[in-house]
Amino acid sequence: MPQHTLPRPICGHCDGFPTVTITTGTRTPTGQRQTISAHCPACHGTGHTTTAHVHTRIGA
């Protein structure tokens with residue numbers, strides 16, 4: 001029987017685009033543009049927010 005997982009909510013800070021590439025304005029020796037990657041600080045580059053874990057108590 002397949003296990004179904006619920007979709008995680010998309011990060012509200014980056015709207016699901018967690019990593020961007022930024023041009024630094026310089027060029028490499030081969031003539032290509034020098035770029036750096038930046039990750040969303042809220043979701044740490046995952047694109048999703050983590051939900052609070054619900055703990056249930058079994059027994060009394």
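This section reports on the structure supplied with the text. The model shown is predicted, which means the values in this text are computed figures rather than measured ones. (Residues numbered from 1 in each chain as written. Predicted model: local features only at pLDDT ≥ 70, side-chain atom pairs only at ≥ 80, totals over all residues. Heavy atoms only, no water.)

### Details of the overall build of the chain
The line we're drawing: A run of DSSP states H or I qualifies as a helix once it reaches four residues; a run of E qualifies as a strand once it reaches two. Both are numbered from the N-terminal end. Note on classification: 1.4 Å probe, protein chains only; a residue is buried when its accessible area is under 20% of the maximum for its type, exposed when over 50%, partly exposed between these limits. Residue contacts are counted whenever heavy atoms from the two residues lie within 4.5 Å of one another. Accessible areas in this description were obtained via Shrake-Rupley with a 1.4 Å probe; residue shielding takes into account the shown protein chains only.
The helix and strand tally for the chain stands at zero helices and two strands. Taken over 60 residues, the chain has a buried fraction of 10%. Long-range pairs, those at least 24 residues apart, make up 47% of the contacts in the chain with a sequence separation of at least 6. Element-wise, carbon and sulfur atoms account for 58% of the exposed surface of the chain, whose accessible area totals about 5,600 Å².

### Concerning the environment of Cys14
By the element assignment, Cys14 lies in the segment before strand S1 (19-27). The spatial distance from the C-alpha of Cys14 to the C-alpha of Ala42 is 8.2 Å, given a sequence separation of 28 residues. With residues near it in sequence (within four places) discarded, Cys14 still touches Cys40, Cys43 and Gly47.

### Focus on unusual backbone geometry
A positive phi is found at Asp15, a non-glycine position, where the angle reads about 55°. In this structure, Asp15 sits in the segment before S1. With relative accessibility at 55%, the residue Asp15 sits in the exposed group.

### Some points on the environment of Gly16
In this fold, Gly16 is placed in the segment before S1. Taking relative accessible area as the criterion, Gly16 reaches 32% and is therefore assigned partly exposed. If near-sequence neighbours (up to four positions away) are discounted, Gly16 is found in contact with Ile10, Cys11 and Gly47.

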